[in-house]
Amino acid sequence: MEYNLADLFESVVDAVWDREALVYVDHPGTGAERRLTYAELDAAANRIAHHLTGAGIRPGEHVGIQLYNGVEYLQTVLACLKARVVPVNVNYRYVEDELAYLYRDADLAALVFDAEFTDRVATAAPRAGTLRHLVRAGAPGAGRPAAPPRCVEFEEAEASGSPERGFAPRSADDLFIIYTGGTTGMPKGVIWRQEDLFFAGLFGGDPGGTPITRPEELAERVAAGGAGLTFFPVPPLMHGTSTLTAFIALDCGQRVALHRKYVPEEVLRTIEKEKVSSVSLVGDAMLRPLVDALRGPSRDTDLSSLFALSSSGAIMSDTVREELRALMPNVLLLNNFGSSESGSNGRATDDSGPANGFRLHVNSRTRVVDPATLELSAPGAPGRLAQHGHVPLGYYNDPAKTAETFFRRDGERWVLLGDMATVGEDGIVTVLGRGSQCINTGGEKVYPEEVEQALKAHPDVYDALVAGVPDPVWGSRVAAVVQLRDGAKPLDLEAVQTHCRTRLAGYKVPRRLVLADPIRRSPTGKADYRWARSVAEGTGDGDGDSDSDSDSDSDSDRV
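Residues numbered from 1 in each chain as written. Predicted model: local features only at pLDDT ≥ 70, side-chain atom pairs only at ≥ 80, totals over all residues. Heavy atoms only, no water.

(A) Representation of the overall build of the protein chain within the structure. Helix and strand counts for the protein chain stand at 16 helices and 28 strands. The globule rule puts the C-alpha radius of gyration for 559 residues at 24 Å, and the 24 Å found for the protein chain is close to it. The dimensions of the protein chain, computed from C-alpha atoms along their principal axes, are 75 × 60 × 50 Å. Within the protein chain, contacts between residues at least 6 apart in sequence are counted, and of these 67% link residues at least 24 apart. Accessible area for the protein chain stands at about 21,700 Å²; split by element, carbon and sulfur atoms hold 50% of it. Separation of charge centres in the protein chain, based on 58 positive and 79 negative side chains, amounts to 1 Å. (Helix = DSSP H or I, 4+ residues; strand = E, 2+ residues; numbered from the N terminus. Rg over C-alpha atoms; globule rule 2.2 N^0.38 Å. Contact = heavy atoms within 4.5 Å. Areas by Shrake-Rupley, 256 points an atom, 1.4 Å probe, with all protein chains shown as cover. Lys, Arg positive; Asp, Glu negative; His and termini not counted. Charge placed at Lys NZ, Arg CZ, Asp CG, Glu CD.)

This is how it looks when you write it as structure tokens:
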């Protein structure tokens with residue numbers, strides 16, 4: 001047995017076959033549920049795995065998963081792993097051109113998609129030369145669109161496959177590809193060896209303690225422990241963090257709860273009903289509506305089972321964190337930090353926030369390096385976050401970007417991440433922001449995340465993104481795209497600047513303000529900086545925005 005994700009899952013199934021592994025609650029609030037034990041989930045995955053191999057999908061080929069959250073998503077991922085084919089997450093918000101690009105870039109041989117996306121798939125699939133097999137999930141009905149060519153309905157695929165295992169031996173070198181969100185450029189497929197992903201993204205089978213030292217130990221720990229925990233990954237499973245959260249739960253022999261889509265009141269209802277222990281979301285875009293629900297229609301929700309609430313993939317602002325502390329004082333609030341290229345890097349310190357910066361306790365594999373020399377940065381010197389050891393192999397179909405991002409030193413693999421940071425004498429890392437989004441204004445560097453934190457501390461601001469726009473004098477100026485709270489009076493630039501000057505140096509204060517409703521983010525809550533920049537420059541759609549500019553950019557105004 002090796003550190004292969006399917007082997008590890010099957011070992012857990014054999015240890016706790018009769019435990020409940022998965023509960024899916026239909027959306028929104030219809031009462032429809034699906035509950036599967038570990039044995040039932042294993043058999044369901046076997047059926048789809050045998051269907052894929054029977055359809056001629058060979059080990060090492062790529063299968064796209066374009067689904068909403070549900071049993072079918074995890075079932076399909078597990079099926080791919082069992083059959084040694086490579087699962088590839090597909091952003092279901094993509095339109096036809098974006099889908100065709102991803103299908104081609106990922107060299108998909110098969111695609112499992114939701115019936116709701118039939119029209120888009122039917123248009124995009126013929127433009128991907130390698131894509132030869134389609135499986136459509138979703139409840140059948142009279143209004144269901146006609147299936148594209150070479151398409152099998154999911155229920156037929158299940159019926160055609162054996163529930164038994166009977167697969168060829170697997171390897172720790174089997175692959176898992178996670179496509180990035182593409183909010184700052186075209187999406188890229190990050191290639192992981194499964195052993196590396198197990199340790200970097202799944203904490204080696206023990207998120208709160210010591211990683212296992214041999215594959216058989218995972219099932220031994222599960223058998224010796226007990227059930228009783230429910231993990232609730234709320235964001236779309238197409239987001240790598242959400243899928244990894246589900247696998248962490250399964251590797252621990254615990255239960256996963258899923259919703260098809262995000263509705264805050266329904267999330268809170270499920271936490272109460274299913275006695276959820278840990279819930280994960282992505283940043284303020286998902287957390288603020290949860291705060292509003294707890295203050296309003298769901299104020300009496302029983303959260304006594306909830307131990308931890310985490311944000312991964314986007315920062316939980318200091319303002320939202322304080323609001324959550326007041327509403328759920330007994331819940332551990334975790335600001336996790338990681339990426340598709342690194343798995344987990346660390347967790348924010350308790351004093352992380354606008355006053356001290358975004359500070360991290362990082363794991364032993366995470367360092368700050370000089371991007372020019374790739375040597376470790378001295379304390380206080382700015383550099384780039386990097387991770388060594390269990391890191392990806394590179395980007396799929398992109399050797400140039402792979403060469404820029406991945407390197408070897410002293411016989412070990414490293415990945416150079418996009419975040420600028422400094423490390424203190426105490427080992428605490430302060431993340432400055434994404435280097436690709438850094439705004440150079442008159443030679444001073446401004447990281448959008450810091451300005452966004454300050455903006456969100458304003459009582460009338462619901463959400464904010466910050467981008468640089470061209471400036472004839474300073475090269476770039478800081479522009480803020482702001483979504484106001486419902487019922488708030490319109491803000492003008494002067495009021496925003498007055499607020500920010502109490503928290504930021506003068507050169508970081510926004511010089512342009514655009515009011516937009518809503519702020520555009522990915523389904524996982526990640527910032528869409530391309531959109532923010534186009535809106536700030538006046539070339540994008542701000543959905544009825546109003547804007548104002550300041551030309552008072554004297555030296556004294558900038559310090």
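(B) Molecular detail of the nonpolar core. In terms of nonpolar packing, the biggest core is built from 105 residues, with Y103 and L111 touching the most fellow members. Ranked by residue count, the leading element in this core is helix α3 (residues 71-82), at 8 residues. Once residues within four sequence positions are removed from consideration, Y103 is found in contact with Q66, V90, L108, L111, V121, A124, A125, A128 and L131. Core analysis: the second largest hydrophobic core is formed by 28 residues, V279, L281, L287 and V291 among them. (Core = buried A, V, L, I, M, F, W, Y, C linked by side-chain atoms within 4.5 Å. Buried < 20%, exposed > 50% of the residue type's maximum accessible area, 1.4 Å probe, protein only.)

(C) Structural detail: the side chain of D419. The topology assignment puts D419 in strand β21 (residues 412-423). We classify D419 as buried; its relative accessible area is 7%. Setting aside anything within four residues of it in sequence, one finds D419 in contact with F337, G383, R384, L385, V431, G433 and R434.

(D) Examining the packing of aromatic side chains more closely. Using the criterion set out here, one finds 10 aromatic pairs in the structure. On the basis of an interplanar angle of 10° and a centroid distance of 5.8 Å, the ring pair of Y92 and F117 is categorised as stacked. Of this pair, Y92 sits in the loop between β4 (86-89) and α4 (96-105) while F117 sits in the loop between β5 (108-114) and α5 (118-124); the two residues are 25 residues apart in sequence, bridging distant segments of the chain. Across the pair, exposure class does not vary: Y92 and F117 are buried alike. With a centroid separation of 5.1 Å and 80° between ring planes, the pair formed by F198 and F199 is classed as edge-to-face. (Phe/Tyr/Trp six-rings, centres within 6.5 Å; stacked < 30°, edge-to-face > 60°.)

(E) Quick look at unusual backbone geometry. Here the bond from D517 into P518 is cis, since omega is 5°, no more than 30 degrees from zero. Residue placement: P518 occurs in the loop between β27 (512-515) and α16 (529-537). Within the chain, K275 stands out as a residue other than glycine whose phi angle is a positive 55°. Within the fold, K275 resides in the loop between α10 (264-274) and β12 (278-281). Overall, K275 belongs to the partly exposed group, its relative accessible area being 45%. For L374, which is not a glycine, the phi torsion comes out positive at approximately 65°.

(F) Structural context of the pattern of salt bridges. Under the defined criterion, the tally for this structure stands at 41 salt bridges. Two residues, E323 and R295, come together in a salt bridge whose shortest N-O distance is 3.5 Å. Separated by 28 residues along the polypeptide, E323 in helix α12 (residues 318-327) and R295 in helix α11 (residues 283-295) bring together distant segments of the chain. Classification of R295 by relative accessible area gives partly exposed; the value is 43%. Each of the salt bridges in this network shares a partner with another, and the network as a whole consists of D7, E10, D14, D42, K82, R165 and R170. (Salt bridge = Lys/Arg side-chain N within 4 Å of Asp/Glu carboxyl O.)

(G) Main features of the pairing of strand β3 (residues 62-66). In terms of burial, β3 is a largely internal element, 5 of the 5 residues being buried. Burial along β3 is two-sided: the face carrying H62, G64 and Q66 and the face carrying V63 and I65 are both buried. Pairing between β3 and β4: 4 bridges, direction parallel. Considered in β4, the bridge of H62 is made with V86. Each parallel crossover has a hand, and for β3 linked through α3 to β4 it is right-handed. Of the strand pairs in this sheet, β3 and β5 are connected by 5 bridges, and their pairing is parallel. Looking at the pairing, V63 lines up with A110 of β5. (Pairing = 2+ DSSP bridges. Right-handed = clockwise from strand over helix to strand, strands pointing away.)

(H) Structural context of the environment of R136. Of note, R136 is situated in strand β6 (residues 133-137). R136 sits 17 residues away from E153 along the chain, and the two C-alpha atoms are 4.8 Å apart. Residues in contact with R136, not counting those within four places in the same chain, are F113, D114, A115, T118, R144, P145, A146, A147, C151, V152, E153 and F154. Among the polar contacts listed, one links the side chain of R136 to the side chain of T118, at a separation of 3.2 Å. (Polar contact = N/O pair within 3.5 Å; in protein donor to acceptor, adjacent residues only side chain to side chain.)

(I) Spatial organisation of empty space enclosed by the protein. In total, this model carries 3 cavities of 30 Å³ or more according to the counting rule given. Taken together, 14 residues form the lining of the second largest cavity, with Y73, N89, F176, I177 and T243 sitting closest to its centre. Of all the elements in the fold, those that place two or more residues in the lining of the second largest cavity are α3, β4, β8 (175-179) and α9 (240-251). The residue inventory of the lining of the second largest cavity, partitioned by class, reads 10 nonpolar, 4 polar and no charged. (1 Å grid on protein atoms, 1.4 Å probe; cavity = no way out; pocket = protein on both sides within 12 Å on 5 of 7 lines; lining within 4 Å. Points joined across faces, edges and corners; volume = space filled by probe spheres on them. Nonpolar A, V, L, I, M, F, W, Y, C, P; charged D, E, K, R; others polar.)

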